[in-house]
Amino acid sequence: MPKADNAIAQLASLLEGSAAKPVIVESRLAPSAIYDVEYRTVVVALVFEKFAKRFGTAGDRRILSAKLKLLQFVAFRPWLLPAIEEWSEAEEQGSLAITRSMRIRRGFLSDTAHEDVINLLVACGVLVRSKGHLVTGPKAGELTKISKAAIEQGLFSDVQDALLELEGITFTSSMLEGW
């Protein structure tokens, strides 16, 4: 069976020599799930439930906003895990700081869809912004319900697997700087 990249190359070479003209019907194109608010909310819930730490006497939980954004960015793109691990282990001024880490940083810094979902969750009272953190709000139980349902029903197993791997990675301050 040919590999996917070979199949695309073969198709490209076949079409190149033909008079075929591609027709794109926009109404039949499916939007990427990465931009789906509900999908993103589930991923944020899974990340928050796994990585948010308890603080204070009220039992509130919080996570650095930058860390949540980076974790969810990688959870959507598990193929970035080796690069994130390498970035975490790299020296402060290592060669990785100029190459892969910069491309990853540019990617998750420009992830405005994440910010939109966080703004929605803040507006709904699920999360509260507190300086550089996101803290449980009065309706934070909704995140727990969403996360629990996804886990119990085996939904988004690729995201859950990525989060398990992310647990073993140390996120340095240089990875989260400039936020």
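All figures in this text were calculated on a predicted structure; none of them were measured in a lab.

1. Notes on the sheet that holds strand β3 (residues 127-130)
In step 1: Taken together, the four strands give an open sheet; going across it, the order is β1-β2-β4-β3, and neighbouring strands pair in antiparallel fashion. Whereas interior strands pair on both sides, the edge strands pair on one side only; in this sheet they are β1 (53-55) and β3. Each strand of the sheet is rotated relative to its neighbour by a mean of 40 degrees, with strand direction disregarded.
In step 2: The pairing of β3 with strand β4 (residues 133-136) spans four bridges and is antiparallel.

2. Details of the side chain of T41
In step 1: Note that T41 resides in helix α2 (residues 37-51).
In step 2: On the accessibility criterion, T41 (11% relative accessible area) is buried.
In step 3: When near neighbours in sequence (up to four residues on either side) are disregarded, T41 contacts V117, L121 and I146.

3. Comments concerning the pattern of salt bridges
In step 1: In total, this model carries five salt bridges according to the counting rule given.
In step 2: With its nearest N and O atoms 3.9 Å apart, the salt bridge here joins K50 to E167. Taken together, the positions of K50 in helix α2 and E167 in helix α8 (residues 157-167) put the pair 117 residues apart, joining distant regions of the chain.
In step 3: On the basis of relative accessible area, K50 is assigned to the partly exposed category, the value being 31%.
In step 4: In this structure E167 comes out as partly exposed when scored by relative accessible area, which is 44%.

4. Structural notes on the nonpolar core
In step 1: Formed by 40 residues in total, the largest nonpolar core has its most connected members in I84, L166 and F171.
In step 2: Elements represented by at least two residues in this core include exactly α2, α3 (65-76), α4 (81-89), α6 (112-123), α7 (141-152), α8 and α9 (173-176).
In step 3: Looking at this core element by element, the count peaks at nine residues for α2.

Cut-offs used in this document
Residues numbered from 1 in each chain as written. Predicted model: local features only at pLDDT ≥ 70, side-chain atom pairs only at ≥ 80, totals over all residues. Heavy atoms only, no water. Pairing = 2+ DSSP bridges. Helix = DSSP H or I, 4+ residues; strand = E, 2+ residues; numbered from the N terminus. Axes fitted to C-alpha atoms, helices over the stretch in contact; angles between N-to-C directions. Buried < 20%, exposed > 50% of the residue type's maximum accessible area, 1.4 Å probe, protein only. Contact = heavy atoms within 4.5 Å. Salt bridge = Lys/Arg side-chain N within 4 Å of Asp/Glu carboxyl O. Core = buried A, V, L, I, M, F, W, Y, C linked by side-chain atoms within 4.5 Å.

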